[in-house]
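Coordinate inspection notes
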Amino acid sequence: DKRGARQAYKHLLGTIQSQPHLRQHLAGEPTAEMIPIRHQSGRVVEVTITAMSSQGGSLVGNWLASLVVDEAPRVAGQADGVRNLEDQLHAIQGRMRPGAQILLVGSPNIPFGPVFDLDQKHFGKPDENVVVVHATGPLLHPQWWTPARIEWTRIHAPRTYMTDVLGKFA
């Protein structure tokens, strides 16, 4: 939903604004829902957030330089929801600019669904279209995942330990 997307947006904007080498690429003042970034070609790329809609309707109004689906392992598949990952990806195929990438990011969750299927098919077996990367929580956010927090999570929240610390499907 849009509330969740705003969190990722705030992290991205904060990173851009706090790093001079990134901040220099701002092409104007960011708004609550859009960050204008000047590409090396001189063109302005708008980084925006949007909520998932039925059949990908919220994604098809623009040409896309990339698509990032946050918490993609938790997004339903076609068999499980009207708003689903496969429909979103199908909707954007004709709107991706040359060289565009699709990033399906998030903590692994339950062992089924479109991201789980991609993981099973491509982890350790990349091809020209799909690369699956596994990363642990401590690698991605070492300030949060202290040894004490890791141990507490292992003992008191084993499923969270599996997904968020080890980066494995529960």
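In the block above lies the structure referred to throughout.
This report concerns the structure included in the present document. Worth saying up front: this structure is predicted, and the values here are computed from it rather than measured.

**A word on the side chain of Asp-119**
Counting through the fold element by element, Asp-119 comes out in helix H4 (residues 114–122). Lys-125 provides the closest opposite charge to the buried, salt-bridge-free Asp-119, at an N-O distance of 8.6 Å.

**Considering unusual backbone geometry**
The phi dihedral of Glu-71 falls on the positive side, at around 55°, and the residue is not glycine. Its relative accessible area of 30% is what places Glu-71 among the partly exposed residues.

**What to know about the side chain of His-122**
Inspection of the secondary structure assignment puts His-122 in helix H4. Apart from residues lying up to four places away in sequence, His-122 is in contact with Asp-127, Val-130 and Val-132.

**Re a nonpolar patch on the surface**
Judged by side-chain polarity, Val-68, Leu-103 and Val-105 come together as a nonpolar surface patch covering roughly 220 Å² of accessible area. Take Val-105: it is sitting in the loop between strand E4 (96–104) and H4. On the basis of relative accessible area, Val-105 is assigned to the partly exposed category, the value being 33%.

Cut-offs used in this document
- Residues numbered from 1 in each chain as written.
- Predicted model: local features only at pLDDT ≥ 70, side-chain atom pairs only at ≥ 80, totals over all residues.
- Heavy atoms only, no water.
- Helix = DSSP H or I, 4+ residues; strand = E, 2+ residues; numbered from the N terminus.
- Buried < 20%, exposed > 50% of the residue type's maximum accessible area, 1.4 Å probe, protein only.
- Lys, Arg positive; Asp, Glu negative; His and termini not counted.
- Salt bridge = Lys/Arg side-chain N within 4 Å of Asp/Glu carboxyl O.
- Contact = heavy atoms within 4.5 Å.
- Patch = residues over 30% accessible without salt bridge, like charges linked within 9 Å, V, L, I, M, F, W, Y side chains within 5 Å.
- Areas by Shrake-Rupley, 256 points an atom, 1.4 Å probe, with all protein chains shown as cover.

Honestly, it's all geometry; don't read function into it.
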